[in-house]
Amino acid sequence: MFMRMPDLGSWVLKYIVEALESDPEPPVRIAAVWGLRKLASATDRVDRKKGLKALRNAILDPTQMPRVKAAAAGVLAEAEAIRGVCPKIILNLLLAMDKGNELDQTMILDFLAKHGARALISSSLSPADKERLASDVVNASLGRLHHSGNTIVRSAFEVAMVFAPCLSTGSSSARQSLAWNLSKALFRTASEGPSEVRWVGLRRMRELMDAAETKTPKWPFAQCCVLPGRLLRLIKPENHDAVFVASEKLEILRLAATQDAAHLPFVLQSLQRCAFGDPRPPAFRTAVRCIRQLAVVHVQPCIPVLLSLAKSELERVAVPSG
C-alpha cells in the first residue's frame, strides 16, 4: 500500500504566500516575491495562476509594505508583459508611496518609470480617465522634486517625463498648467543639485528641444522648451561642470540658436569660451562640433569663430614643449 505524497508545488506556494503576507522582515517578503516569480515562470498552469494572484493581492493589500508592493508590481509586469499591471495597481502604488521611506519611494518611482506609462496606455480606460490618472502620477512626481534625497529627485523626474506623453488629450488650460509646472521642473533640475541630477534634467530638456525642432509628436510639451534668453543664461557651461553636464549644456545652446537666431551671439560666445577655456578634450570636441553644425545654417557668423579656433590650435601645436 502506497502513501500519497502531497503536491510539492502547492506546498511551496502556500509557504511562500504565508511569508509574503505575514513575515515581519521586509527582505523576507521581497525574497518571497522573487520566489513567486520563479513559480510564475513554471510550466504548471495552476501554480502560475495562484502565484500571480498572490502578487496582485500583495499590491492591493493596504497593510503591505510599500517596497514589497513595488517589487511585486515589477514581477507582475514581467510575468504578464504589462497586461497584469492594471490602473488600480498604479493607483495603489501612488497611495503606498506617501507612506514609504526613501527606499520605498525610489522603488515605486523606478517601477512607474519603467512600466507605468506603457501599462496605462495599453489599459482599457477611457481617454479622460487615462489623463486623470497620468496627471495624478505627474503631480505626485513633481511634488518630490523638492526632496532632499538625490535618488528620489532623479527617479521622480524620470516618472514625470515618461508620463507626460499620456497627457496629450484633455482641456488646453489643464495642459498649459501642467506644461508650465514641467518646464519649471526642467529648469530647476537642470540648474540645481549634484551633477547626476542636473544631467537628467539637461538630457530631458535636450530631448524635448529635439522633438520641438523635428515636430515629433512624442512630447506634447515640447513647445515649452523653446528657451527665452533669460533662462538660456542659466544653461551657460562652466569649467567646474562635470564633462557630461557640460556636453549636454553645449547641445542645448546649439538647439536654442537653431530654433531662434536671436540667441546666436550669446550661444557662439559661450561655445567659443568653452572651446578656448575648457582644457578637457571631450568638452572642446563637443563645442567645436556644435559650432560646425551651426555653421551649416548660420554661415557668416560661425566661419570666423571656426577660423580663430583653427589658428589657435595651430599656434598651440607650433609652440615648442620647453
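As the structure is a prediction and not an experimental result, all values here were calculated from the model.

Quick notes on the pattern of salt bridges
A full pass over the atoms with the stated rule returns 9 salt bridges. One salt bridge in this structure joins Glu-158 and Arg-203, with 2.5 Å as the shortest N-O distance. Taken together, the residues span a long stretch of sequence, with Glu-158 in helix 8 (residues 150-163) and Arg-203 in helix 10 (residues 195-214) at a distance of 45 residues. For Glu-158, a relative accessible area of 16% translates into the label buried. A salt bridge links Arg-289 to Glu-251, with the shortest nitrogen-to-oxygen separation between them at 2.6 Å. On the criterion of sequence distance, the pair formed by Arg-289 in helix 14 (residues 281-297) and Glu-251 in helix 12 (residues 243-259) is long-range, its members being 38 residues apart. Look at Arg-289 and you get partly exposed, because its relative accessible area is 30%.

Side note on the layout of surface pockets
Over the atoms, a rolled probe matching the size of one water molecule traces out where space is still vacant. In this structure, the second largest pocket occupies an estimated 180 Å³ of space. What lines the second largest pocket is Trp-34, Ala-70, Ala-71, Gly-74, Val-75, Glu-78, Met-107, Asp-110, Phe-111, Lys-114 and His-115. Considered class by class, the residues forming the lining of the second largest pocket number 6 nonpolar, 2 polar and 3 charged.

A word on a nonpolar patch on the surface
Together, Val-299, Ile-303 and Leu-307 line one region of the surface with nonpolar side chains, adding up to about 270 Å² of accessible area. Residue placement: Val-299 occurs in helix 15 (residues 299-318). Under the relative-accessibility criterion, Val-299 is labelled partly exposed at 46%.

Parameters at a glance
Residues numbered from 1 in each chain as written. Predicted model: local features only at pLDDT ≥ 70, side-chain atom pairs only at ≥ 80, totals over all residues. Heavy atoms only, no water. Salt bridge = Lys/Arg side-chain N within 4 Å of Asp/Glu carboxyl O. Helix = DSSP H or I, 4+ residues; strand = E, 2+ residues; numbered from the N terminus. Buried < 20%, exposed > 50% of the residue type's maximum accessible area, 1.4 Å probe, protein only. 1 Å grid on protein atoms, 1.4 Å probe; cavity = no way out; pocket = protein on both sides within 12 Å on 5 of 7 lines; lining within 4 Å. Points joined across faces, edges and corners; volume = space filled by probe spheres on them. Nonpolar A, V, L, I, M, F, W, Y, C, P; charged D, E, K, R; others polar. Patch = residues over 30% accessible without salt bridge, like charges linked within 9 Å, V, L, I, M, F, W, Y side chains within 5 Å. Areas by Shrake-Rupley, 256 points an atom, 1.4 Å probe, with all protein chains shown as cover.

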